[in-house]
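# Geometric and topological summary
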Amino acid sequence: MICQKFCVVLLHWEFIYVITAYNLSYPITPWRFKLSCMPPNTTYDYFRLPAGLSKNTSDLNGHYEKAVEVKFNSSGTHFSNLSKTSFHCCFWSEQDKNSSLCADNIEGKTFFSTVNSLVFQQIGANWNIQCWLKGDLKLFICNVESLFKNQFKNYNHKVHLLYVLPEVLEDSPLVPQKGSFQIVQCNCSVHKCCECPVSVPTAKLNDTLLMYLKITSGGVIFQSPLMSVQPINVVKPDPPLGLHMEITDDGNLKISWSSPPLVRFPLQYQVKYSENSSTVIREADKIALATSLLVDSVHPGSSYEVQVRGKRLDGPGIWSDWSTPHVFTTQDVIYFPPKILTSVESNVSFHCIYKNENKIVSSEKIVWWMNLAEKIPQSQYDVVSDHVSKVTFYNLNATKPRGKFTYDAVYCCSEHECHHRYAELYVIDVNINISCETDGNLTKMTCRWSPNTIQSLAGSTLQLRYYRSRLYCSDSPSIHPISEPKDCHLQRDGFYECIFQPIFLLSGYTMWIRINHSLGSLDSPPTCVLPNSVVKPLPPSSVKAEITVKTGLLKISWENPVFPETNLQFQIRYGLSGKEVQWKIHEVYDAKSKSVSLPVPDICAVYVVQVRCKRLDGLGYWSNWSSPAYTVVMDIKVPMRGPEFWRIINGDTMKKEKNVTLLWKPLMKRDSLCSVQRYVINHHTSLNGTWSEDVGNHTKYTFLWTEQEHTVTVLAINSIGDSVANLNLTFSWPMSKVNIVQSLSAYPLNSTCVILSWMLSPSDYKPMSFIIEWKNLNEDDEIKWLRISSSVKKCYIHDHFIPIEKYQFSLYPIFTEGVGKPKIINSFTQDDIEKHQNDAGLYVIVPVIISSFILLLGTLFISHQRMRKLIWEDVPNPKKCSWAQGLNFQKKIPGTKELLGGGWLN
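Quantities reported herein were computed from a predicted structural model and do not represent experimental measurements.

Cut-offs used in this document
Residues numbered from 1 in each chain as written. Predicted model: local features only at pLDDT ≥ 70, side-chain atom pairs only at ≥ 80, totals over all residues. Heavy atoms only, no water. Helix = DSSP H or I, 4+ residues; strand = E, 2+ residues; numbered from the N terminus. Buried < 20%, exposed > 50% of the residue type's maximum accessible area, 1.4 Å probe, protein only. Contact = heavy atoms within 4.5 Å. Areas by Shrake-Rupley, 256 points an atom, 1.4 Å probe, with all protein chains shown as cover. Polar contact = N/O pair within 3.5 Å; in protein donor to acceptor, adjacent residues only side chain to side chain. Pairing = 2+ DSSP bridges. Axes fitted to C-alpha atoms, helices over the stretch in contact; angles between N-to-C directions. Salt bridge = Lys/Arg side-chain N within 4 Å of Asp/Glu carboxyl O. Phe/Tyr/Trp six-rings, centres within 6.5 Å; stacked < 30°, edge-to-face > 60°. Lys NZ or Arg CZ within 6 Å of the ring centre and 35° of its normal. pLDDT = per-residue confidence, 0-100. Patch = residues over 30% accessible without salt bridge, like charges linked within 9 Å, V, L, I, M, F, W, Y side chains within 5 Å. Lys, Arg positive; Asp, Glu negative; His and termini not counted. Charge placed at Lys NZ, Arg CZ, Asp CG, Glu CD.

### Quick look at the overall build of the protein chain
Looking only at helices and strands, the protein chain features six helices and 61 strands. Counting every position in the protein chain, which comprises 906 residues, the buried fraction comes to 42%. Within the protein chain, contacts between residues at least 6 apart in sequence are counted, and of these 65% link residues at least 24 apart. Split by element, the accessible area of the protein chain, about 50800 Å² in all, is 53% carbon and sulfur.

### Concerning the environment of His-710
Position of His-710 among the secondary structure elements: in strand S53 (residues 709-717). Sequence-wise, His-710 and Thr-690 are 20 residues apart; in three dimensions their C-alpha atoms are separated by 9.9 Å. If we skip the residues at most four places from it in the chain, His-710 touches His-683, His-684, Thr-685, Trp-691, Phe-703, Trp-705, Leu-729, Thr-730 and Phe-731. Separated by 2.9 Å, the side chains of His-710 and His-683 make a polar contact.

### Concerning the sheet that holds strand S57 (residues 769-776)
In spatial order, the strands read S58-S57-S60-S61; together these four strands make up an open sheet with antiparallel pairing. On the outer flanks of this sheet lie strand S58 (784-789) and strand S61 (823-825), each paired with one strand and no other. Geometrically, the sheet is characterised by an average inter-axis angle of 15° between neighbouring strands, direction not taken into account. The pairing of S57 with S58 spans six bridges and is classified as antiparallel.

### Points about unusual backbone geometry
Generally, phi is negative for residues other than glycine and the peptide bonds are trans, each holding for most cases. A cis amide bond links Phe-563 to the next residue, Pro-564, at an omega of -10°. You can see Pro-564 is positioned in the loop between strand S42 (553-559) and strand S43 (568-576). Residue Leu-673 is joined to Cys-674 through a cis peptide bond whose omega torsion reads 15°. Its place among the elements puts Cys-674 in the loop between helix H5 (669-672) and strand S50 (678-685). The backbone phi angle of Tyr-472 is positive, close to 60°, even though this residue is not glycine. Its place among the elements puts Tyr-472 in the loop between strand S34 (461-468) and strand S35 (484-486). Even without being glycine, Asn-688 reaches a positive phi, approximately 60°. Examined against the element boundaries, Asn-688 turns out to sit in the loop between S50 and strand S51 (690-696). Here Asn-688 falls in the exposed class, since its relative accessible area comes to 62%.

### Some thoughts on the pattern of salt bridges
For the coordinates displayed, the defined rule picks out 12 salt bridges. A salt bridge links Arg-448 to Asp-493; its shortest N-O distance comes to 2.5 Å. Placement of Arg-448 in strand S33 (residues 445-449) and of Asp-493 in the loop between strand S36 (488-490) and strand S37 (496-500) is noted, with a sequence separation of 45 residues between them. By relative accessible area, which is 24% here, Arg-448 ends up partly exposed. The network of salt bridges with shared partners includes Arg-448, Asp-493 and Glu-497.

### Focus: the packing of aromatic side chains
If you walk through the whole model with that rule in mind, you get 29 aromatic pairs. When the centroid spacing of 5.5 Å and the interplanar angle of 85° are considered together, the rings of Phe-33 and Phe-91 count as edge-to-face. Taken together, the positions of Phe-33 in strand S2 (residues 33-38) and Phe-91 in strand S3 (residues 88-92) put the pair 58 residues apart, joining distant regions of the chain. We note that Phe-33, like Phe-91, is buried. An aromatic cluster is present here, built from Phe-405, Tyr-407, Tyr-411, Tyr-422 and Tyr-426 joined pairwise through their rings. Against the face of Trp-583 rests Arg-573, its NZ or CZ located 4.3 Å from the ring centre. Looking at Lys-665, its charged tip hangs above the ring of Trp-785, at a distance of 5.2 Å from the centre.

### Quick look at the confidence of the model for the protein chain
In the predicted model, the protein chain carries a mean pLDDT of 82, and 79% of its residues have values of at least 70. Across residues 168-174, confidence stays below pLDDT 50; counting only partners more than four residues off in sequence or on other chains, it has three contacts. Long-range and interchain partners of residues 893-906, a stretch whose pLDDT sits below 50, account for 26 contacts in this model, where long-range means more than four residues apart.

### Observations regarding a negative patch on the surface
On the surface, a cluster of negative charge is made up of Glu-779, Asp-780, Asp-781 and Glu-782. The topology assignment puts Glu-782 in the loop between S57 and S58.

### Brief notes about the pairing of strand S20 (residues 303-312)
Across the 10 residues of S20, seven count as buried, placing the element largely inside the fold. Sheet topology note: the strand S17 (residues 267-276)/S20 ladder contains 10 bridges and is antiparallel. What sits directly across from Ser-274, in S20, is Glu-305. As judged from the four bridges shared by S20 and strand S21 (residues 326-329), these two strands associate in the antiparallel manner. By the bridge assignment, Tyr-304 is partnered in S21 with Phe-328.

Printed below as a string of C-alpha cells:
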C-alpha cells in the first residue's frame, strides 16, 4: 500500500514537472543568449550580472577567467567527504534584459569531484548559446561557447542536446514525456565551442522544437532549462556570393552580388564599405533590398573595400556571416562607361574624370581624341560638372577592324598630355536579313539567317527572339518587351535555321536577332512574318507530257497541290532531253488551268518537262520543280515524203532485160513523223502493169527491167499511213539515149572536197534534176550518189579523196520521161587543177606584197621624224647665245615655207 502511494506521488511529480517545464520553456531568439548556472545562495540579480562584475558585460570573461585560474591552481586542497550542492541555471540575454528563465537543476543535486568543488560552488558556470536553421532549411544547429578560456584544458568536457519535435502544440493533447527526448552529442573543438546539429524535416519547420542542454565538465553535470523554438523563425542564410564592383555609365560605383543558392524566401542585405584615397576616407553601412547598391561620387585613385551579409526579409531570422571582403581600386583616369557596344547610326556618349599628380583636372581643360590620331571637335564636348567631361558621337559608322583590334580607342586627355588608359567603342552593323518559309503542308515555318553579314565580336552570342501577335502584322514592326527565344541550328552553308511548329497561319511573328555580349545586347531591325504569306507550296503532281497526234503540239498536264487553297500561277520549263537541257520557260496565270499545249520545233524528239507553282497574288515562294516528265516518240502524222532513191543497172547492154537495184537512204525523223515501219515499192509499166512490193525496213531492192518503160515509186509507211510526197523514177530505153550534157569537169580543192561543173547542150528536154555518181576505180567501193537541182551548174562534193587514186564521176540528167544519157569522166581535169593552183599562189603573194609596202612606209615616216629632231637640237637658244640674239627666227627661209625657228607656215 505504501509502495503504491509512493508510485502515485512520483508519477504525479513527474507530470507536474513536465507540464511546468513545457509551459515555462525559454523561447530561443535570433540573437545570442547566455546560460548561467550559480550556487543556490546567489540572488536573482547575480544571474543577470554575476556578482562582483560591473554592468559592462565585456568584463565577464576576464573576471571568471582569473577566478578559475586561482581555484584550479589550488591543487593542494583535498576533501575527504563529498558534499552535495544544488545549482540554479538561468537563460538571459543582453538584447532582452526583461526576459529570463531560471530553474533548479533537473537532476536535483549534482555531485562533483573535490578537485573543482570549490570553484563551481563559488563562481558557477556560464556559456554563450546561439541557435539557427541553416539556409538549406535542413539542419538546425546550436552553438555552445564557454566563457572561460582555460576551462577545458585539463578536464573532460562533453555537451549533449536533448530534443523532441512534437506535433503542432494546438493540436497535441499530450505533453512529451522526459523519455521521449532524443539525444545528440555535440562536436566540441579545442576552441571552447561545441556545435550541436539536429536534422529537421521540411514538413516540421513550422512546428515547435523543445530541447535542453546537458553539459559535463570536470565530472560536474549541468542541465539547462527547457528551450523552445520554431526552426523557420531562426533561419541563418549562407553569405552572399559573387561580390563585384564596377563604375556605372553615370559615374557611380555599383556594388552587386548574388543570393546564396537554395534560398526559398526573399532576403534583405546589409552592406558595409569603406573608401580610402589621398583626399577622402569614409565608411558606411547600408541596408539593401536588392542584390546591388549604388555609391555616388566615385573618385579616381581610390580604394573601396566591401562586405555583404543577408537576412530573411519577412519575419524573424538571423544575419548570415559576412561575405569575404572584396577590394576595388579606381584608376587615375576614370571612363564611364569604360566600354560601349552599339549599332550603326546611333548616338553614344562617354564621361571622364581625369586625375593628374593627385589633382583632378577641370572638365573645361579636358580634350578628347579618337585612336590618338583624330582630335574630336569641341562641339561634341559637354561639361557635366567641375570634374566630369562628356563627349558625344553622332550617327556612328561601323567600326573597321585594325589588326586584332575590333574597336576604336577614345582618349580623355588634359591640354598637354594623354593618359595611356582609354575607353573602347564597338560599333556593329546589325542589319541581319531573316527569311522565313512555310512548308506546303502548312504545318511548320522555317526561318533562316546568316551571321556573316555582321562583324564578329569575341565573346558574343546570337539569338533569335520573337513575339507572336494574335492576328496579322503591324505596319511598322517593333521590338516587343515580352519575347521568347528560339533555338536555331547552324547549317553547313553557314546559315542558322529555326523551325516554328506548330504555327498560326494568320498570326504575325515579329522576330529579330539579339547580339548578347558582356558589354550589353544589340537587336537587329525587327521584321514581321505572316506564315500564310510565305508559303512554299508543294510542287504540282501527276505531271504528264506528250506530243499530240495530228497537231504535233507538246501537251503538258498536271494536278494542283492540296495546299494552299488560294489561286495559283504556274511556271513550265521544257527542253530536249539530254545531259545539258536548254530550258524554255512558259508562264500560266490562269488559276483554273491544269494543262497547256506548246509548239515545239522537233516533234519527233524526246522532251523533258517540269512544272512549279506559286500564289497568284505574288506572295510566298515558288514551289520546287515537279518530278520530270518525258515525252515518248511516236508517229504523229503520215511521212511528209518518201525517200530519195537511185538505181544500179547490171546486165548486158545489148539485151533488153536488165537487173535494176534500187538504193535509198533511211528517212529522217523530221520527214517520217516520226518513224518508218516499212517501205513499199510501186511499179508501173508501159503495158499498164501495176503492182506493189513490201520490202520491210530494207534500203535496197532489185527487180528485172524488161519493158520499154518502167516507173517505180518508193513509199515510206508508219503507223498512221504512207508518205504524202514521193519521188518517181522512170526507166526508158528511148530516154537513155538522150544526151544533153555537153561537158563535165572535176578538180579537187583539197582532200575532202571536189568541184564538179558542167555545161548543157540546147535541147527540147528539160531535166527535173541531176544525179551525180562517183566512185574510186582502184577499190571495190559502192557507188556514191547525190541528187541536185536542175538549176545548178556547179556542185561541191564532200568526201574523202586520195590524190593518187583514180576516180570516176558521172552526171545523169533526170527527165519526167526517164533517165537520160550520162556524162562520165575518169580523172580530174588537168587544166583546172593547174589554174586552181595558180590562183591559190596568187592569193598568198598579194597579201605579202601589201604588208611589205605598208611596213616600208612606216619606216620612212619614223626616220624622217628622228632626223628633224636631231637637226633642230643644234639650233641655238637666242636668250643664251649672243651671236644668235639678232636673228629673227620667225623669218621664212628663202625658197621654202619653213621658218628659221622651226615649224611651217600655214
